[in-house]
Amino acid sequence: MRMTGTVVRAVHRGRVTVFLVAASCLVPAYTSAQVSATRDGTVPRFTLADAAALARRQHPLLVAAGGRRRAVTGAARQESALPNPVFEWRKENYGSPLPRDEFMSLGMPVDVYGRRVALRAASGFAARRAIADSATSARDVEYEVARAYWRTALAFALRDAASMQRLAVDTIARIESERARQGQVPEGAALRARLESDRARMSESAARAELERARGALARALAMPFDSVPRPSASMGVDSTHAAPALEVLLTQARSRRSELLAARARVDEASRRQLAERLGVFPALGMQVGSKRTSGFQTGTVQIGVAVPFFDRNAGNRERARGDLLISQSELRAAESSVDADVIAAARAYGTLLEEYDRAGVGGGGLRDLDARGTQVASIAAAAYREGAIPLFELLDAERVRADVRIASLRAAADVHMARIDLLRALGLPIDAAGYTMTPQ
């Protein structure tokens, strides 16, 4: 009987061990299967580049940005347009014995001082500003899409990890309950396993809820129906990187590419031209009119020159407003330059710090890149030790919890690196799906 009990216990422990080893390998295998499925076409791919292209193609905020660009450009062109000539035909002396006089004239304001030339130049800079503002809106939309994309990818991975953890602990709890009914282990051990199973189930529920929130954020960022957004197919792993240019090079690149700076510079140039136009508005406006007149049977010509004498209105209000607009635009340009520099420095250093930590070797070797594999190894060792009776049940459950925790930590660390890279690309004024721009510590 003693030998029979020993064999039964060994069999049960063997079942636990086989399952734990399989469960430890199941998460990486599941992820690999998902990636291969996307490669052979059985699962639609939805990469970050796909998400960015979709946003550029259909997002209503980009359509609105294009509308604002057209409105600003149109208003500027209209303000600098030449005035229309005025044609006048007039006949007098109706209802009198006098011969009727007939007049025809053509009048046109004359820009002697070049005010409209200055306004035309200002309209050109206004068009540049509108284009740059539209590019800023497009980049902001892409940025929100990218962050929502990686949050959703992370939420899917965390949901899968929580499901595997719950499955592993559920199986342990069922086996321990069966062993308790057979009197092989105390009831307290089975109760402990069931409690751990309940905890894993609550964690899975929280992961599923967080996934739904992340999917909703991605649907809002893409302006798509909730159930129409595909699952992100990008891997959470961090690719090998190469050294990026020095920080000064990154700053120079950002100053030349950031659409906010392009818009601010165009705004300064536009305000400068408008100030010149308002200064020229002090001079008297001239108008010329030529025509013909038929009176008393004679056909004669007429010439008229009109001068609006700036006696009461010397355009002081418009000149003051133009000076104020120039001061505002210059100050906003300086503020934008400082903001861009701070964005680049912060994003580059944050990305470098996270990437360095991701690749850093820890105690006993290994870094965050292989954190999940090491957690799986710990769970496998604990399963083998439990099979041999070297450790109690609570240590086995603790090892399974550690495996799940390090899996989550590894996924979050990878997501942080991806988010930081998106922040750096945005700070540099590059598309969020740009290749070849990564940052390693300098």
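Residues numbered from 1 in each chain as written. Predicted model: local features only at pLDDT ≥ 70, side-chain atom pairs only at ≥ 80, totals over all residues. Heavy atoms only, no water.

## Considering the overall build of the protein chain
Then comes step 1: Secondary structure summary: the protein chain contains 10 helices and four strands in total.
Then comes step 2: Reading the protein chain from its N terminus to its C terminus gives the helix and strand order α-α-α-β-β-α-α-α-α-β-β-α-α-α.
Then comes step 3: For the protein chain, buried positions account for 40% of its 442 residues.
Then comes step 4: Put simply, 77% of the contacts in the protein chain that link residues at least 6 apart link residues at least 24 apart.
Then comes step 5: For the protein chain, the exposed surface amounts to about 23800 Å²; the carbon and sulfur share of it is 58%. (Helix = DSSP H or I, 4+ residues; strand = E, 2+ residues; numbered from the N terminus. Buried < 20%, exposed > 50% of the residue type's maximum accessible area, 1.4 Å probe, protein only. Contact = heavy atoms within 4.5 Å. Areas by Shrake-Rupley, 256 points an atom, 1.4 Å probe, with all protein chains shown as cover.)

## Observations concerning the sheet that holds strand 4 (residues 298–308)
Then comes step 1: Across the sheet, which stays open at both edges, the four strands sit in the order 1-2-3-4 with antiparallel pairing between neighbours. The outermost strands of the open sheet, each flanked by one partner alone, are strand 1 (86–92) and strand 4. Along the sheet, successive strands turn relative to each other by an average axial angle of 20°, direction set aside.
Then comes step 2: As paired strands, strand 2 (residues 101–110) and strand 3 (residues 285–295) are joined by nine bridges and run antiparallel to one another. If you follow M104 over to strand 3, its bridge partner there is S292. (Pairing = 2+ DSSP bridges. Axes fitted to C-alpha atoms, helices over the stretch in contact; angles between N-to-C directions.)

## Looking at the pattern of salt bridges
Then comes step 1: What the rule picks out here adds up to 32 salt bridges.
Then comes step 2: Between E204 and R166 there is a salt bridge whose closest N-O contact spans 2.8 Å. Taken together, the residues span a long stretch of sequence, with E204 in helix 5 (residues 187–222) and R166 in helix 4 (residues 115–181) at a distance of 38 residues.
Then comes step 3: Given a relative accessible area of 5%, E204 falls into the buried group. (Salt bridge = Lys/Arg side-chain N within 4 Å of Asp/Glu carboxyl O.)

## Some details on the environment of L247
Then comes step 1: Summarising the element assignment, L247 is placed in helix 6 (residues 247–257).
Then comes step 2: Judged by relative accessible area, which is 22%, L247 ranks as partly exposed.
Then comes step 3: Residues contacting L247, with those up to four places away along its chain left out, are V344, I345, A348 and R349.

## Focus: the packing of helix 4 against helix 10 (residues 393–428)
Then comes step 1: In contact at an axis separation of 10 Å, helix 4 and helix 10 are set at 175° when each is read in the N-to-C sense. In this view, helix 4 runs roughly antiparallel relative to helix 10, as classed from their interaxial angle.
Then comes step 2: Looking at side-chain class alone, the contact of helix 4 with helix 10 contains 19 nonpolar, two polar and 12 charged residues. (Parallel < 35°, antiparallel > 145°, perpendicular 65-115°, else oblique. Nonpolar A, V, L, I, M, F, W, Y, C, P; charged D, E, K, R; others polar.)

## Thoughts on the packing of aromatic side chains
Then comes step 1: According to the stated counting rule, one finds four aromatic pairs in the structure shown.
Then comes step 2: Ring centres of F46 and Y149 lie 5.9 Å apart, and the angle between their planes is 55°; this geometry places the pair in the tilted category. Taken as a pair, F46 in the loop between helix 1 (2–39) and helix 2 (48–58) and Y149 in helix 4 lie far apart in primary sequence, 103 residues in all. Comparing F46 with Y149 shows no difference in burial state: the two are buried.
Then comes step 3: Positioned above the aromatic ring of Y143, the side-chain terminus of R426 is 4.6 Å from the ring centre. (Phe/Tyr/Trp six-rings, centres within 6.5 Å; stacked < 30°, edge-to-face > 60°. Lys NZ or Arg CZ within 6 Å of the ring centre and 35° of its normal.)

## Quick notes on the confidence of the model for the protein chain
Detailed reading of the predicted coordinates is not advisable wherever pLDDT is low.
Then comes step 1: Put simply, the protein chain has an average pLDDT of 82, and 85% of its residues get 70 or more.
Then comes step 2: Contacts of residues 1–42 to residues separated by more than four positions or lying in other chains number 49 contacts, the stretch itself having pLDDT below 50.
Then comes step 3: For residues 438–442, every residue scores under 50 in pLDDT, and the model assigns this stretch 22 contacts once sequence neighbours within four places are set aside. (pLDDT = per-residue confidence, 0-100.)

## Quick look at the pairing of strand 4
Then comes step 1: Sheet topology note: the strand 3/strand 4 ladder contains 11 bridges and is antiparallel. The partner of L286 across the bridge, within strand 4, is V307.
Then comes step 2: Count of turn residues in the strand 3/strand 4 antiparallel hairpin: two residues, of which S296 carries a positive phi of about 55°.

## Some points on the nonpolar core
Then comes step 1: If you look at the biggest cluster of nonpolar residues, it comprises 30 residues, and the most contacted ones within it are F46, W150, L222 and M236.
Then comes step 2: Secondary structure elements with two or more residues in this core: helix 2, helix 4, helix 5 and helix 10.
Then comes step 3: Looking at this core element by element, the count peaks at 11 residues for helix 4.
Then comes step 4: Sequence-distant contacts of W150, that is, excluding residues within four places in its chain, are made with L48, A234, S235, M236, H418, M419 and I422.
Then comes step 5: Counting residues in each nonpolar core, the second largest holds 22 residues, with L250, A414, V417 and A427 among its members. (Core = buried A, V, L, I, M, F, W, Y, C linked by side-chain atoms within 4.5 Å.)

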